[in-house]
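Commentary on secondary and tertiary structure
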Amino acid sequence: MAAATPSSKRPAPADSSSLKPVKKTHWSQGLLASINDPNLTVESDDRIVIIKDKYPKARHHFLVIPKINIPNLKSLKREQSELLRYMEDQAKVLATKYPQNEFKYGYHAIPSMSQLHLHMISQDFDSPCLKTKRHWNSFNTRYFLDSSEVIRCLEERGMVVTMTPIAGEKLLDMPLKCHKCIYSPQNMPKLKQHLYKHLNN
DNA sequence: GTTCTAGAAC
DNA sequence: GTTCTAGAAC
């Protein structure tokens, strides 16, 4: 790696009087860029891409993303349940590389990022990126929709029934609770300290 | 989704 | 005084 870039070589701040404004992509579109970035890709075939989550909330945290454009759970059609099964199956194939780890497979009810993505996350929740109550509750309340239940709903009802954004916010604001015992910590640092007790190594 | 940080909570 | 959370980001 080269020495620190001299400040004189950094791009100058945009001069709004003379330059055309640069179109920046909104952060919520970040996954669409990740699909085509070979550096982030863990597995890929003609139907899906599996990438590492940019801010993993556990030791092993991946996203399974279909290559065809599917914005969210609401846009799913009944005939796409087979694709969801394929996504879960491929995630479970990847999980065999981590035999000592328990994984969960599911979707966030109200995701922030566009493009459907299946979370595959190890249940240690041992990560410096796990920082907030929202982070915790997004994987450890009903906000986390199990893949198998999403598929069942799509096949039985022809659509995925989730929840309103307000109901989602309520789940994210629930009191903290350990996913393996009855401990209800007052704050995130106490939860993170407690989680080490449930680790095998 | 994250970063930053003011001020609440301790 | 320090830790921790929660709201704005043009």
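Residues numbered from 1 in each chain as written. Chains lettered and ligands numbered in written order. Predicted model: local features only at pLDDT ≥ 70, side-chain atom pairs only at ≥ 80, totals over all residues. Heavy atoms only, no water.

As named in an unreviewed UniProt entry, chain A is HIT domain-containing protein, taken from Petrolisthes cinctipes. Word for word, the UniProt comment on chain A under Subcellular location (unreviewed entry) is "Nucleus". (UniProt positions renumbered as here; feature names shortened; annotations may be inferred.)

Quick word on empty space enclosed by the protein
Applying the stated criterion across every chain yields a total of one cavity of 30 Å³ or more. There is about 60 Å³ of room inside the largest cavity. If you trace the largest cavity, you find it lined by Pro 71, Asn 72, Leu 73, Tyr 107, His 108, Pro 111, Met 113, Gln 115, Leu 116, His 117 and His 119. Taken together, the residues of the lining of the largest cavity break down into six nonpolar, five polar and no charged. (1 Å grid on protein atoms, 1.4 Å probe; cavity = no way out; pocket = protein on both sides within 12 Å on 5 of 7 lines; lining within 4 Å. Points joined across faces, edges and corners; volume = space filled by probe spheres on them. Nonpolar A, V, L, I, M, F, W, Y, C, P; charged D, E, K, R; others polar.)

Quick notes on the protein's contact with DNA strand B
As a structural note, the neighbourhood of DNA strand B is formed by Trp 27, Tyr 55, Lys 57, His 108, Ser 112, Met 113, Lys 131 and His 135. Within 4 Å of the protein, the contacting atoms of DNA strand B are drawn from sugar and phosphate to the extent of 52%. Between DNA strand B and the protein, one listed contact pairs a base nitrogen with a side-chain N or O atom of Trp 27 at 3.3 Å. Between DNA strand B and the protein, one listed contact pairs a phosphate oxygen with a side-chain N or O atom of His 135 at 2.9 Å. (Near = heavy atom within 4 Å. Polar contact = N/O pair within 3.5 Å; in protein donor to acceptor, adjacent residues only side chain to side chain.)

Thoughts on the layout of surface pockets
Looking at the largest pocket, its volume works out to about 900 Å³. For the lining of the largest pocket, the per-class residue count stands at 15 nonpolar, eleven polar and eight charged. The space that makes up the second largest pocket amounts to roughly 230 Å³. Together, 13 residues line the second largest pocket, and Gln 100, Asn 101, Asp 124, Leu 199 and Asn 200 are the ones closest to its centre. Counted by class, the lining of the second largest pocket contains two nonpolar, seven polar and four charged residues.

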